[in-house]
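Residues per chain are reported as follows:
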Amino acid sequence: MKLFDAHADLGYDVLDKHRQGRKNIIKTDHLEKLIQGEVFGVGMACFFKGDEDWATAKAMVSTLREEILANADRIHLTTGELWDESRINALITVEGMGFLKRDDEKTITWLYDQGVRIASLSWNDENALCTGVKGTPDRGLTLMGKQAVRIMHRLGMAVDLSHTNEKSFWDILAVDQGPVLATHSNARALSNVDRNLTDQQLKAIAKRGGLVGLVSAARFIHPEAGQNTAANLAKHGRYIADLIGVQHLCLGLDFMDYLEGYQRNGLDLDNASQSQNLIHALRQEGFSEQELQAIAWDNIVAFLKALPQQKTMPSHHPQFITKTTQL
Ligand SMILES: [Zn+2]
């Protein structure tokens, strides 16, 4: 079954390998596995640990975008508005914006113009915008972070809540009513790790019309080694769907098999070619074909289509014309 994986660190991988002197990484290292797994939509994340500068951030987004466009016969660069059934649909996303120091609007607008429609303010670290799950627990969103959320929402960019600590999570939701989601987090009730979401957080995301993406990282599925299977990840799917509704569920598998020093994800969910194992497991959990299609594809596509699409920037910045129509 055709599926959309809302979180894969391909931007990071592409720049990393370009810097090692290799080229065309998506085609040589990823395309085959994506096709085998019927992954026809991918949130290609530009992942930043937190100490990167703007030059690195810009290089990662640009290099990823160039690779996507260079493979236009197989990959369609989408901004969520236009989709191509015959190719893999790639959405550029950003994980962690520690590179933002000041001049948010210009920087976020540049990201938007490159096609970014989902971004998280931080990874696990804490930065000038907000605090990740490994940061100071009582430190949340900063004033600059609040401004960034407003800019993102005004442009039509969803805020990804997967890595923010609980204080930042609630602070971000309090800023405005713009689109939010957690691209790669499971239910904390089933695996008690800080990257999974509490029932209250799951309900709050649903109340805002957001989505939660099932993630295949081992401990996020199950605390015990040997239990991190597609079948147990499907139990998170069942739990979340029963709590907030199947319309709020999607997939954000976060495979890491291609990264140096990676730790194994799910036993039968370790790389993109195994993605269908989760669909089978969800089917075993009793989801109907229509529900499976909603989880695998329809929910995230509808979410992205509903993001406001800017044709031009706000009037006080008339010099920025988005390239949306050309993507
Ligand atoms: Zn992540």
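Residues numbered from 1 in each chain as written. Predicted model: local features only at pLDDT ≥ 70, side-chain atom pairs only at ≥ 80, totals over all residues.

I'm lost on the overall build of the protein in this one. Help?
Along the backbone of the protein there are 11 helices and 9 strands. Its C-alpha atoms give the protein a radius of gyration of 18 Å, near enough to 20 Å, the size a compact globule of 327 residues would have. Dimensions along the principal axes, computed over C-alpha positions, put the protein at roughly 55 × 45 × 35 Å. Relative to its full complement of 327 residues, the protein shows a buried share of 53%. In the protein, the share of contacts with a sequence separation of at least 24, taken over all contacts with a separation of at least 6, comes to 72%. (Helix = DSSP H or I, 4+ residues; strand = E, 2+ residues; numbered from the N terminus. Rg over C-alpha atoms; globule rule 2.2 N^0.38 Å. Buried ≥ 20, exposed ≤ 12 C-beta atoms within 10 Å, placed from the backbone. Contact = placed C-beta atoms within 7 Å.)

Hey, could you run me through helix α11 (residues 289-305) in this one?
Each turn of an α-helix holds 3.6 residues, which means side chains three or four residues apart point in the same direction. With 17 residues, α11 extends 22 Å from end C-alpha to end C-alpha; this agrees with the ideal 24 Å at 1.5 Å per step. A bend of about 55 degrees at I295 is the largest found in α11. (Expected span 1.5 Å × (residues − 1). Bend = angle between axes of the 7 residues up to and from the residue.)

Just to check I follow, could you spell out the environment of T183 for this structure?
Summarising the element assignment, T183 is placed in the loop between β7 (180-181) and α7 (199-207). With 32 residues separating them along the chain, T183 and V215 place their C-alpha atoms 8.2 Å apart. Excluding residues that lie within four positions of it along the chain, T183 makes contacts with A6, H7, G43, I118, D160, S162, G213 and G252.

Quick question: what am I supposed to make of the environment of I221 here?
Among the secondary structure elements, I221 is positioned in helix α8 (residues 218-221). I221 sits in the buried class, given 29 other C-beta atoms within 10 Å. Among all residues touching I221, those that are not within four sequence positions of it are N186, S191, S216, N228, N232, L233 and G266.

Any chance you could explain the packing of helix α10 (residues 276-284) against α11 here in plain terms?
What describes two packed helices is the angle between their axes and the distance between those same axes. Contact geometry for α10 and α11: axes closest at 10 Å, N-to-C directions at 145 degrees. Here α10 runs over α11; the crossing is right-handed. In this structure, α10 uses I279, L282 and R283 to contact α11, whose residues at the interface are L292, I295 and A296. Grouping the constituent residues of the contact of α10 with α11 by class yields 5 nonpolar, no polar and 1 charged. (Axes fitted to C-alpha atoms, helices over the stretch in contact; angles between N-to-C directions. Left-handed = near helix turned anticlockwise from the far one by under 90°. Nonpolar A, V, L, I, M, F, W, Y, C, P; charged D, E, K, R; others polar.)

Looking at this model, I keep getting lost on the pairing of strand β4 (residues 88-95). Mind explaining?
Along any regular strand, the residues point their side chains to alternate faces of the sheet. Burial within β4 is extensive, with 8 of its 8 residues counted as buried. Going residue by residue along β4, you find I88, A90, I92 and V94 tucked away on one face and N89, L91, T93 and E95 tucked away on the opposite face as well. Pairing of strand β2 (residues 39-47) with β4, which is carried by 7 bridges, proceeds in the parallel orientation. Note on β4: the bridge partner recorded for G41 is N89. Relative to β4, strand β3 (residues 75-77) runs parallel, the two sharing 3 bridges. (Pairing = 2+ DSSP bridges.)

What is the right way to look at unusual backbone geometry in this model?
Glycine aside, residues mostly have negative phi, and peptide bonds are mostly found in the trans state. Despite not being glycine, N24 has its phi angle at roughly 50 degrees, a positive value. Take N24: it is sitting in the loop between α1 (10-19) and α2 (25-36). If you check the backbone angles, D254 has positive phi at about 55 degrees while not being a glycine. As for its position among the elements, D254 is in the loop between β9 (249-251) and α10.

When you look at helix α6 (residues 166-175) in this model, what are you seeing that I'm missing?
Among all positions in α6, only S168, F169, D171, I172 and L173 are buried. Looking at the buried residues of α6, the elements they touch are α5 (143-155), β6 (158-160), β7 and α7.

How do you make sense of the confidence of the model for the protein when you look at a structure like this?
The predicted coordinates ought not to be read in detail in places where the model reports low pLDDT. Of all residues in the protein, 94% attain a pLDDT of 70 or more, and the chain-wide mean is 94. pLDDT under 50 marks residues 312-327. Its contacts with residues more than four places away, or in other chains, come to 21 contacts. (pLDDT = per-residue confidence, 0-100.)

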